[in-house]
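Here is how the chains run, residue by residue.
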Amino acid sequence: QVQVVESGGGLVQAGGSLRLSCAASGSIFSCNDMRWYRQAPGKQRELVAAITSGRTTYADSVKGRFTISLDNAENTVYLQMNSLKPEDTAVYYCNAVIAPTPNPYKYSYWGQGTQVTVSS
């Protein structure tokens, strides 16, 4: 069994910062592909940032403001969010692509989400 748990959301004023964490635990052989998505009310879930084998990608809307990083030893991914804007308000979800055993099969696991609210 694998669990993915996010933390670090909250309420912040525009221009402020938050740091989200996402820890994967359980039967994990490798976990080097982790992503942050977000979903605002009435909108589709969108990819915010991803880190795959050390390479990072970002949505255009967060480039230069958000930074994703991965602690492989702890199977934990972070999302440092700076210069937050009201339009960043959403539920943020962590997605971990994990190989539970040495065979090549990987599975996708989702956290429960954490609310980020940016006030103007």
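Our structure is the block above this text.
Now for a description of the structure that goes with this document. (Residues numbered from 1 in each chain as written. Predicted model: local features only at pLDDT ≥ 70, side-chain atom pairs only at ≥ 80, totals over all residues. Heavy atoms only, no water.)

**Structural notes on the overall build of the chain**
Stated formally: Where helices and strands are cited, they refer to DSSP runs of H or I of at least four residues and of E of at least two residues respectively, numbered from the N terminus. Our radius of gyration looks at C-alpha atoms and nothing else; its globule reference is 2.2 Å times the residue count to the power 0.38. Type-normalised accessible area, obtained with a 1.4 Å probe on protein chains alone, sets the label of each residue: buried when under 20%, exposed when over 50%, and partly exposed for intermediate values. Contact criterion: two residues are considered in contact whenever any of their non-hydrogen atoms come within 4.5 Å of each other. What sets the accessible areas is the Shrake-Rupley method with a 1.4 Å probe; for residues, cover comes only from the shown protein chains. Only four residue types enter the tally: Lys and Arg on the positive side, Asp and Glu on the negative side, with His and both chain ends excluded. Where a charge lies is defined by one atom per residue type: Lys uses NZ, Arg uses CZ, Asp uses CG and Glu uses CD.
A count of helical and extended segments in the chain gives 0 helices and 11 strands. Relative to the compact-globule value of 14 Å for 120 residues, the chain shows a C-alpha radius of gyration of 14 Å, a close match. Across the 120 residues that make up the chain, the buried fraction comes to 40%. Put simply, 57% of the contacts in the chain that link residues at least 6 apart link residues at least 24 apart. Taken as a whole, the chain presents about 6,400 Å² of accessible surface, with 48% of it coming from carbon and sulfur. Distance from the positive charge centre (10 side chains) to the negative charge centre (8 side chains) of the chain: 4 Å.

**Thoughts on the sheet that holds strand β8 (residues 76–81)**
Rules: Being paired, for any two strands, means DSSP has found at least two bridges between them. Each axis is a line fitted through C-alpha atoms, and for a helix only the stretch in contact is used; angles between axes span 0 to 180 degrees, taken between their N-to-C directions.
Taken together, 4 strands build an open sheet; the order of strands is β1-β3-β8-β7 and the sheet is antiparallel. Only two strands of the sheet have a single neighbouring strand rather than two, namely β1 (2–7) and β7 (66–71). Between one strand and the next, the sheet's axes are offset by a mean angle of 15°, whatever the strand orientation. Pairing analysis gives 6 bridges linking strand β3 (residues 18–26) to β8, with the strands arranged antiparallel.

**Things to note about the nonpolar core**
Selection criterion: What makes a nonpolar core is a set of buried Ala, Val, Leu, Ile, Met, Phe, Trp, Tyr and Cys residues whose side-chain atoms join them at distances within 4.5 Å.
By size, the foremost hydrophobic cluster in this structure holds 29 residues, and its most contacted members are M34, W36, L79, M81 and Y92. Of all the elements in the fold, those that place two or more residues in this core are β1, β3, β4 (30–39), β5 (46–52), β7, β8, β9 (90–99) and β11 (114–119). Sorting elements by how many residues they give to this core places β9 first, with 5 residues. Leave out the neighbours within four places in its chain, and L79 touches L18, R19, L20, W36, V48, A49, F66, T67, I68 and Y92.

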